[in-house]
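Single-letter residue listing:
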Amino acid sequence: MLNMGKGFDFREFKAKQEKLALEWKSNGGKVVGHYCNYVPEEILHAAGILSIRLLGTTDNITHADAHIQSFVCKLIRAGLDMGLKGELDYMDGMVIPNTCDGMRLLFEIWKKNMDKGFLRLLDLPILIRQGLSQDRMRNDFGLFKRQVEEYFGKLILEEELSNSIRVYNENRTLLKELYNLRRKEEGIISSVEAYEAVLASLTWPKELSSELLKSMIAEANKKIAERKEVKSKPKVRFHVSGSVLTDLRILEIVEEFGGVVISDDLCTGTRYYWDNVEETGDPMKAITNRYIEKLPCPCKSPNDERHDFIFDSIRQGDVHGVIFVMEKYCDPHLFDYPLLRKQIMDMNIPTLGIESELGVSGQEQLRTRIQTFINVVQGGQ
Amino acid sequence: MGNQSSPKKGRALKTSYEASTILRNYWETIHAAKKAGKPIGYCSGNAPVELMYAFDILPAYPENYAAVVASAKIALPLVQMAESKEFSHDLCSYAKINLGEVFWEGKGKPEMPFGGLPTPPDILLTTKIPCITQVKWWEVLRDVYHCPMILLDAPMLEGTVDNQPSEDQVDFVVDQLKLIIAQLEDFTHTKFNEEKFFHCLSLSDQAGGLWHDIIDLRGEAVPTPVGSREMCGNVFSLVAMLGTETPVKFYQKMKEELQYKTWKKIGAIPNEKYRLLYENIPLWYNLEMLSDVENKGAVFVFETYLRYVWGGRIDLTDPYRGYAKKILSDVFLNMNLQLRYDIMARDIKNYHIDGVVFHSNRSCKRYSLGYYELKEMLLERLGIPSVVIEADHSDPSGYSEGNTKMKLDAFIELLEERRNAGSRG
Ligand code: SF4
Ligand code: SF4
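Residues numbered from 1 in each chain as written. Chains lettered and ligands numbered in written order. Predicted model: local features only at pLDDT ≥ 70, side-chain atom pairs only at ≥ 80, totals over all residues. Heavy atoms only, no water.

As for the overall build of chain B
Right, so step 1: Helix and strand counts for chain B stand at 18 helices and eight strands.
Right, so step 2: The globule rule puts the C-alpha radius of gyration for 425 residues at 22 Å, and the 21 Å found for chain B is close to it.
Right, so step 3: If you line up chain B on its principal axes, its C-alpha atoms span 70 × 55 × 40 Å.
Right, so step 4: Residues classed as buried in chain B amount to 64% of the 425 residues present.
Right, so step 5: Look at the contacts in chain B between residues 6 or more apart in sequence, and 78% of them connect residues 24 or more apart.
Right, so step 6: Carbon and sulfur atoms make up 51% of the accessible area of chain B, which amounts to about 15,500 Å² in all. (Helix = DSSP H or I, 4+ residues; strand = E, 2+ residues; numbered from the N terminus. Rg over C-alpha atoms; globule rule 2.2 N^0.38 Å. Buried < 20%, exposed > 50% of the residue type's maximum accessible area, 1.4 Å probe, protein only. Contact = heavy atoms within 4.5 Å. Areas by Shrake-Rupley, 256 points an atom, 1.4 Å probe, with all protein chains shown as cover.)

Quick look at the structure:
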């Protein structure tokens, strides 16, 4: 189903995702787009809606520049551009959470220019480890559920919600299984494929994504059983840190020079699937708890849990280097970066910082930088 | 905020001369307190400073201090130092200036005005009301100084017609304030003195009320008695000293002077022709920009930055809720676009404004995004022209003074043409 090994092309990926969405629609389904890891997709799913994470585009910005300044991350500008160009017209709605300042204002600009369908701002608390925030988040999610019900004319039954929780949990569990496999059996699944599978989970019908994941895992297990994998030379293992990673060519280059990515704290990675929802008890309460307790994004405070997650990953002993892929203009990540990087270096782990705008321009230069970095890491091994 | 090194004519208001004394006293007091071992808190803009005063913690403002540094025209080396420590060029320049000071290494550090921020802070108080930058920046400070950090979380105003937060939103902030009070009790090992807090709120409300009167007086008066540049230097005590007597006395005096001047119709400039609204944070390193237009008969009579970022009234009959409401509803950056427009439209009318100057500030996304929409709305719905200048509030690198001048000149010409066309028609 995926491009396996052929080289990653985000355009192709997007075309496939759109095709799936249109199929979904032609079967009478509704489609809602969203940004960020903090939108409770289970609620949308329970209403029979396909929820799609907006990942932007590699195309040039043509329409958005007249509406938003260029000192905002490309994810925001690209999404707006797609909307203005009519590329998102197949969507029945859009949910924008109040995470960073750019997102918050994006909602305003969206509303002014494309106030149609189910357009909602999700204004969630920024403090995550606090009883008060938990209550507020439960209220906000409760309100969101009622808005979905009213707009789409569909009462969400508790049973349906529980079912959606199971569907999402299954998907997340599979992604985690894939993660563990990659980590244990290095090279058995390519980094590109693994991250493409996460992008698919973010944008495809969940059931389909789970099918794909199952077959990928079965395939990998078969290879292991047949001991097919060749361990020609020890690979250099990396952790990747950042927000969205859609330009998987970066991973291709890493692999080309003998590297492999075995862990990450990306929002198109572990931050999306690390935590499950409790399957017992009141489903809305369970959903709230999951989103408040999940591996946090730097848009939430305090920020140490994400950092600890990275340190833990390194302490497991098999990470040789950390590659930061930083979206330009992304304040939350860019504020964390200097001290986080220093702490990692203090653990004797080399780091590489790559600036991205939903992709890296200057592929040749990037290749050289990654190659040099891998040499440095190998030298230090 | 001390525009020390720029050439200035005399001040339009006598009271304005007192601003620098207030500033100096504040810095002397805070350095003396630090020496005497009293707790110092680093506060960010719109954090509940009245609570700090109620607990006898003196607040220092890295943000405001960064503005002082920028207006003393010494921001650049600090910004560059922060960038050399891997803080991105694209972060808010207030933060970069402060982090440049915090992480300074080696020689060549400029002489810091007022002896620098007192370090280390004993506690950090911040909020996300204006922006997420303040939260992220404070987390860096927390990691550097290893001291407690308190964060006031707040929902955004969704733009109800009367500009009031919902009851739920108010409850949420009140509950948080109570939690913060408990945290401060722990920190200071003292019992919270509610009476003292209410007294601070009352002083804060008085200062807020006087400030609003001042803005109204100078905005409604034709000609206006005082322009933006001078008023930017008068806002400090409102930023940092709400909850004390100082701003109340200062603004009382200023109000009286303004009453006299408006009654006498004494204008800030001899021949006032065009009245402008300034939107966003000023260019602290180039405050001249605000007064240069005066040579062409234009004057800035109103700024959302001065009116809707600092100060505000508090309903003292219900102090906690009143305070929470003020915190939520009086900050431009916490409002949605429609509300910002409605407020601007009202003020444009009340203050007889001819044109708007938007400063598209690459340092402050929360303030600046949406300007193209507002620009269009103002023109389409009110026929009010505007111009967007691109700059940064405190990082002078990349700023083109020539460009800004050209844009502003052209804008004033446009106002002139419109006026001529109007009087002919
Ligand atoms: S990538 Fe960063 S700046 Fe862009 S939306 Fe996400 S958190 Fe905000
Ligand atoms: S200038 Fe803007 S981004 Fe910077 S601290 Fe102030 S409100 Fe936040």
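There's more to say after this.
Digging into the pairing of strand β7 (residues 355–361) of chain B
All names here are of chain B.
Right, so step 1: Within β7, seven of the seven residues are buried, which leaves the element mostly enclosed by the surrounding structure.
Right, so step 2: Neither face of β7 is open: one carries Gly355, Val357, His359 and Asn361, the other Val356, Phe358 and Ser360, and all of them are buried.
Right, so step 3: The sheet contact formed by strand β5 (residues 274–279) and β7 spans four bridges and is parallel. Bridge pairing links Leu277 to Val356 in β7. (Pairing = 2+ DSSP bridges.)

Considerations on the site of ligand 1
Right, so step 1: The full set of residues close to ligand 1 is A:Cys73, A:Ile76, A:Cys100, A:Met103, A:Ser243, A:Cys299 and A:Cys330.
Right, so step 2: Looking at the shell around ligand 1 residue by residue, the class counts come to six nonpolar, one polar and no charged. (Near = heavy atom within 4 Å. Nonpolar A, V, L, I, M, F, W, Y, C, P; charged D, E, K, R; others polar.)

Brief notes about the packing of helix α4 (residues 101–113) of chain A against helix α17 (residues 371–382) of chain B
Right, so step 1: Look at α4(A) against α17(B): their axes get within 11 Å of each other, and the N-to-C directions meet at 40°. As the angle between them shows, α4(A) and α17(B) are arranged oblique. Where α4(A) abuts α17(B), its residues A:Ile109, A:Lys112 and A:Asn113 lie against B:Glu373, B:Glu376, B:Met377 and B:Arg381.
Right, so step 2: Looking at the contact of α4(A) with α17(B) residue by residue, the classes come out as two nonpolar, one polar and four charged. (Axes fitted to C-alpha atoms, helices over the stretch in contact; angles between N-to-C directions. Parallel < 35°, antiparallel > 145°, perpendicular 65-115°, else oblique.)

Concerning the nonpolar core
Right, so step 1: Core analysis: the biggest nonpolar cluster contains 240 residues, and A:Tyr35, A:Trp110 and A:Val148 have the highest contact counts within it.
Right, so step 2: Broken down by element, the residue count for this core peaks at 10 residues, all from helix α8 (residues 194–220) of chain B.
Right, so step 3: Formed by 52 residues, the second largest nonpolar core is a distinct cluster that contains A:Ile217, A:Leu251, A:Val360 and A:Val377. (Core = buried A, V, L, I, M, F, W, Y, C linked by side-chain atoms within 4.5 Å.)

Digging into the sheet that holds strand β1 (residues 40–43) of chain B
Residues and elements named next belong to chain B.
Right, so step 1: Taken in spatial order, the four strands make up an open sheet running β2-β1-β3-β4, and their pairing is parallel. Edge positions in the open sheet fall to β2 (58–60) and β4 (149–152), since each of these has one partner strand only. Each strand axis lies, on average, 25° off the axis of its neighbour in the sheet, ignoring direction.
Right, so step 2: The sheet contact formed by β1 and strand β3 (residues 123–127) spans three bridges and is parallel. Along β3, the bridge assignment pairs Gly41 with Ile123.
Right, so step 3: Of the strands in this sheet, β1 and β2 are in contact with helix α1 (residues 18–35), which crosses β2 at around 115°.

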